[in-house]
Amino acid sequence: MRATEVLYYMLRPSQLRSIVQWKVWHNPVHERNVNNETETQKACFKFLDLTSRSFSAVIKELHPELLLPVCVFYLVLRGLDTIEDDTSIPLKTKEPMLREFKDYLEQDGWTFDGNRPEEKDRELLVQFHNVITEFKNMKPAYREIVKDITDKMGNGMADYCRKAEFEDASVKTIEEYDLYCYYVAGLVGEGLTRLFVEAEFGNPALLSRPRLHKSMGLFLQKTNIIRDVREDHDDDRHFWPKEIWSKYVTEFEDLFKPENRETALNCGSEMVLNALEHAEECLFYLAGLREQSVFNFCAIPQAMAIATLELCFRNPDMFDRNIKITKGEACQLMMESTQNLHVLCDTFRRYARRIHKKNTPKDPNFLKISIVCGKIEKFIDTIFPQQTAAQAKLKVQGEKSEAEKEKARQEAETRQDLYFMLALMGVIVLIVSIIMLTAAWLLGARFDLAFQELKSGNFRPPAKQIPGEL
Amino acid sequence: MEKVLISGGAGFVGAAPPGPDHTVPDGVEFIKVDVTIQEEARKVIEQARPDVIIHAAGIVHALSERFGRRVEGHVWRTNAAKQSGVKGLYLHQFLLCVEVGIPLDICDVIQGSIVLKGSSDTVAACSLRPSVLYGPGDDRLVPAIHACIAKGKAPFIVGDGQNLWDVTYVTNVADAHVLAAENLMSSRTAAGEVFFTQNNERITFRDFCLAIWAHFGHTPPFEIHIPGTLAYLVGLSCGFLTWVFGTTNILSRGSVRDACSVRYASGERAKLILGYRPQVGIETDSSCPYLLMYLGLCSTYGDRITNAAGM
């Protein structure tokens, strides 16, 4: 930990507390049993740790029923991604590989060592037979789902690579932007939802409303695209749709020029606005999950995403460097998103309000952002109403609800107790006074003389006479 | 062709659209009566023999008197309609469609039930409750908000500024009236119902003001929060001083309460039964046309705002 960080947490003890709380007190809903695992399973979890920073922890806490299917699903998609990302593989090798990747899953011992050495996850494909073995051990229903999504995503990636090779693959319209995000993240959402429903951990209605799981993926992906704008630009990758940025600047790189900072911020806020439109559906989706570990698995990334959006919203640093939510905030978010929907909704409301607070009327998207924040709040009010119809009716009729009556009754009781205590103290004071006066009288105090003196107006005892003066 | 009687036809809601230029459109007859006098109201019903009454008349208090009386202007209408209905004056089915003040207001809820109790086999009634109205012809809401710039009131926020409102564009509520009248003439599924009609876009009242100010090129340079209770007490003392000296109230408890309250309702019922979908939102396009619409539809409107602000 660097000195600046130490200073940061000293000034924000609540965040430090969150970190301690999470590290010390968090108990996974399900813990995986390392002793009973086979070699191939161990290898899969090793690759999970190597390939993903954020997902590995949440995947490993999943319900045992879904632990391996989700892990294998993740690794398969990661393998696909490793082929697509590698620019050293020519299109004529890459395209068929991407399209046929789903069939490799059925071929025992299939591995691939054609990746360039600097490719980060090269080792995963070199030892891919472990993943295939575990894939084959899965229930047929799960296998079917993983295979289907791999097929769709492989073909989507292949189309994209073709487009990049022969024509311009940059994202032009918002529709293309949504489609890109769908292939990268929306499909994962679909696959996971089908796994959850198959395992009976999710409401089957989630499948009949594809918009919901699509939104889950798009919300995460769009947040990443917004946050990583600088990093992606430095790597010469551009995901912000032209339809949006061309309203603000003529060339994409103008967004990063210091003199255009205000324009860039407005452009960024339209991107955030575009992402925020999914927030409502994400909460709707999360309401359909029935198992705690699955809820945690889905809710943690969503909470992180809305916090990241809040961080990026009208933050000029986003165009200069890579920004991240602090560790303390992340721990707090993880705690809040591993409880229940109500707590998570409060988190969403908190961040929606923070975004709303940063919103400025100088921004052309001002009202739209205000409306979208209002929509999130309204949706939360719909699932967890602050006021029920029955309460409202009572209020109109001027009657008090049961809770209010109870409260009034308790208040009256407290008041009575207080009066009783006061009276008791008065009685005690009275008794003590009587005892003392009686004692004084018995010892020969002359109250009659004292009264006389008081009557004649002498409220103080006579000054002591000093013998020398006589 | 059904005959429609609109009370308050020259008013903000009754005339929308075409706007507040007070010219009677072709094919429309204008009858001037005082609707608070029961006898005159009955006479006009007998004269017009309408199939539908759209009651859009209401007492509009000055902003400074926003606390207290709001019911009386409406009660007569219910009685008149009831009496007419009882006497069986009309061969046609007599339908009544009522519009009343601001939603979630206690007075209005009580009053709504009075009107709706009059709904029967012969008379079908429903009540529409728009939220705060704005649009062409608005001489209260937007001018008052605009006036805050000149008075230097813009930086002050009463309450936490997080309470959501849902304003209503005036033609949206006019559409809702037409839908309600059509429903009462046909399926009558709306009879006895109360509908909240609004833009279905919740924003904070503060943001609505900020957007209007921004449109006039003003952004508050700083913000000062005033706790709601403090403002209420100030309003109370202002009210007292007003009462003693007979001056206009600058801050009433009513406006403080309004500014700090959540003022939105669910629009689901209106959507389900009436098929009401607001056609105009706060922002219908990527540009910011809500104020341009005022200016476009009513060229004198901009001047009036400027006059109201004393500029």
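Quantities reported herein were computed from a predicted structural model and do not represent experimental measurements.

Some remarks on the packing of aromatic side chains
- This model, assessed by the stated rule, comprises 18 aromatic pairs over all chains.
- Taking 5.6 Å as the distance between ring centres and 65° as the angle between the ring planes, the aromatic pair formed by phenylalanine 101 of chain A and phenylalanine 128 of chain A counts as edge-to-face. Remark: phenylalanine 128 of chain A occurs in the loop between α7 (122-126) and α8 (129-137) and phenylalanine 101 of chain A occurs in helix α6 (residues 91-104); sequence separation between them is 27 residues. For the pair phenylalanine 101 of chain A and phenylalanine 128 of chain A, a shared accessibility class is recorded, and that class is buried.
- An angle of 25° between the planes, with centres 4.1 Å apart, marks the rings of tryptophan 165 of chain B and phenylalanine 205 of chain B as stacked. Remark: phenylalanine 205 of chain B occurs in helix α6 (residues 205-215) and tryptophan 165 of chain B occurs in strand β7 (residues 164-165); sequence separation between them is 40 residues. With respect to burial, tryptophan 165 of chain B and phenylalanine 205 of chain B carry one shared label: buried.

So, the domain arrangement of chain A
Residues and elements named next belong to chain A.
- What the domain assignment lists for chain A is domain 1 (29-168), domain 2 (191-384) and domain 3 (414-449).
- Each of domain 1 and domain 2 was reduced to a C-alpha centroid, and the two centroids are 26 Å apart.
- If you look at the interface, domain 1 gives 19 residues, while domain 2 gives 17 residues.
- By the criterion of area lost to domain 2, the three top residues of domain 1 are Val58, Leu66 and Ile145, representing 31% of everything that side buries.
- The tally of links between domain 1 and domain 2 comes to one salt bridge.
- Connecting domain 1 to domain 2 are two residue pairs in polar contact (both at pLDDT 80 or more).
- Of all the secondary-structure elements, those providing two or more residues to the side of domain 1 that touches domain 2 are α4 (55-60), α5 (64-85) and α9 (140-166).
- Here the element with the most residues in the side of domain 1 that touches domain 2 is α9; it accounts for seven residues.
- Taken together, the residues that form the side of domain 1 that touches domain 2 break down as 13 nonpolar, two polar and four charged.

Examining the side chain of glutamate 190 of chain A
All names here are of chain A.
- Locating glutamate 190 in the fold gives a position in helix α10 (residues 174-198).
- You can call glutamate 190 buried: its relative accessible area is 12%.
- The contacts of glutamate 190, once residues within four sequence positions are left out, are Ile149, Lys152, Tyr182 and His213.

Considerations on helix α7 (residues 228-245) of chain B
Residues and elements named next belong to chain B.
- Spanning 18 residues, α7 covers 25 Å between terminal C-alpha atoms, matching the ideal 26 Å at 1.5 Å per step.
- Those residues of α7 that sit buried are Ala231, Gly235, Cys238 and Thr242. Summarising the axial view, the buried residues of α7 lie within an arc of 65°, below the 170-degree limit, and thus occupy one face. For α7, the exposed residues set more than 90 degrees away from the buried face come down to Thr229, Leu233, Phe240 and Trp243.

Description of the pattern of salt bridges
Residue and element names in this part refer to chain A.
- Counted by the stated rule, this structure contains 41 salt bridges over all chains.
- Across the salt bridge formed by aspartate 148 and lysine 152, the nearest N and O atoms sit 3.8 Å from each other. In this pair, aspartate 148 and lysine 152 are both assigned in helix α9, four residues apart and thus about one turn of the helix distant.
- When its relative accessible area of 23% is taken as the criterion, aspartate 148 is described as partly exposed.
- As a salt-bridge pair, arginine 446 and aspartate 448 come within 3.1 Å of each other at their nearest N and O atoms.
- Classification of arginine 446 as exposed rests on a relative accessible area of 51%.
- Residues joined in a network through salt bridges with shared partners are Glu95, Arg99, Asp159 and Arg162.

Focus: a nonpolar patch on the surface
Residues and elements named next belong to chain A.
- Taken together, Leu437, Trp441, Leu442, Phe447, Phe451, Leu454 and Phe459 make up a surface patch of nonpolar side chains, about 840 Å² in accessible area.
- Those elements that provide at least two residues to the nonpolar patch are α22 (402-442) and α23 (447-455).
- The class of phenylalanine 447 is partly exposed, set by a relative accessible area of 30%.

Considerations on the pairing of strand β1 (residues 4-7) of chain B
Residues and elements named next belong to chain B.
- Side chains Leu5 and Ser7 project from β1 onto a buried face, and the interleaved Val4 and Ile6 project onto a face without burial.
- Here four bridges tie β1 to strand β2 (residues 52-55), and the two strands are oriented parallel to one another. Looking at β2, one finds that isoleucine 6 is bridged to isoleucine 54.

As for the environment of serine 293 of chain A
Residue and element names in this part refer to chain A.
- As for its placement among the helices and strands, serine 293 is situated in helix α17 (residues 292-312).
- For serine 293 and leucine 62, which are 231 residues apart along the polypeptide, the C-alpha to C-alpha distance reads 5.2 Å.
- The residues touching serine 293, leaving out its near neighbours within four places in the chain, are Val29, His30, Glu61, Leu62 and His63.
- Reaching out from serine 293, the side chain makes a polar contact with the backbone nitrogen of histidine 63 at a distance of 3.0 Å.

Overview of the nonpolar core
- Counting 124 residues, the largest nonpolar core has Phe128, Trp240, Leu255 and Leu286 of chain A as its most contacted members.
- A domain split of this core shows at least three residues from each of domain 1 (29-168) and domain 2 (191-384) of chain A.
- Residues contacting phenylalanine 128 of chain A, with those up to four places away along its chain left out, are Leu75, Val76, Phe101, Leu105, Trp110 and Thr111 of chain A.
- Grouped together as the second largest cluster of nonpolar side chains are 22 residues, Trp165, Tyr169, Cys209 and Ile212 of chain B included.

Details of the confidence of the model for chain B
Residues and elements named next belong to chain B.
- In the predicted model, chain B carries a mean pLDDT of 66, and the fraction of residues at 70 or more is 61%.
- Taken together, the stretch residues 63-114 has pLDDT below 50 and engages in 124 contacts with residues farther than four places along the chain or on a different chain.
- This model gives residues 285-311 a pLDDT under 50, and the stretch forms 46 contacts once residues within four places in sequence are excluded.
- For this predicted complex, the interface score ipTM comes out at 0.71, alongside a pTM of 0.77.

Points about the packing of α5 of chain A against α6 of chain A
Residue and element names in this part refer to chain A.
- Contact geometry for α5 and α6: axes closest at 10 Å, N-to-C directions at 170°. Relative to α6, the element α5 is oriented roughly antiparallel. Where α5 approaches α6, its residues Val76, Gly79, Leu80, Ile83 and Glu84 are matched on the opposing element by Lys94, Met97, Leu98 and Phe101.
- Residue composition of the contact of α5 with α6, grouped by class: six nonpolar, one polar and two charged.

Quick notes on unusual backbone geometry
- Backbone geometry at arginine 314 of chain A places phi at a positive 55°, although glycine is not the residue there.
- As for its position among the elements, arginine 314 of chain A is in the loop between α17 and α18 (327-336).
- Residues other than glycine seldom take positive phi values, yet asparagine 200 of chain B does so here, at roughly 55°.
- Look at asparagine 200 of chain B and you get partly exposed, because its relative accessible area is 25%.

What counts, and at which threshold
Residues numbered from 1 in each chain as written. Chains lettered and ligands numbered in written order. Predicted model: local features only at pLDDT ≥ 70, side-chain atom pairs only at ≥ 80, totals over all residues. Heavy atoms only, no water. Phe/Tyr/Trp six-rings, centres within 6.5 Å; stacked < 30°, edge-to-face > 60°. Helix = DSSP H or I, 4+ residues; strand = E, 2+ residues; numbered from the N terminus. Buried < 20%, exposed > 50% of the residue type's maximum accessible area, 1.4 Å probe, protein only. Domains from an automatic or database assignment. Contact = heavy atoms within 4.5 Å. Buried area = accessible area lost by both parts, 1.4 Å probe. Salt bridge = Lys/Arg side-chain N within 4 Å of Asp/Glu carboxyl O. Polar contact = N/O pair within 3.5 Å; in protein donor to acceptor, adjacent residues only side chain to side chain. Nonpolar A, V, L, I, M, F, W, Y, C, P; charged D, E, K, R; others polar. Expected span 1.5 Å × (residues − 1). Arc of directions from axis to C-beta. Patch = residues over 30% accessible without salt bridge, like charges linked within 9 Å, V, L, I, M, F, W, Y side chains within 5 Å. Areas by Shrake-Rupley, 256 points an atom, 1.4 Å probe, with all protein chains shown as cover. Pairing = 2+ DSSP bridges. Core = buried A, V, L, I, M, F, W, Y, C linked by side-chain atoms within 4.5 Å. pLDDT = per-residue confidence, 0-100. Axes fitted to C-alpha atoms, helices over the stretch in contact; angles between N-to-C directions. Parallel < 35°, antiparallel > 145°, perpendicular 65-115°, else oblique.

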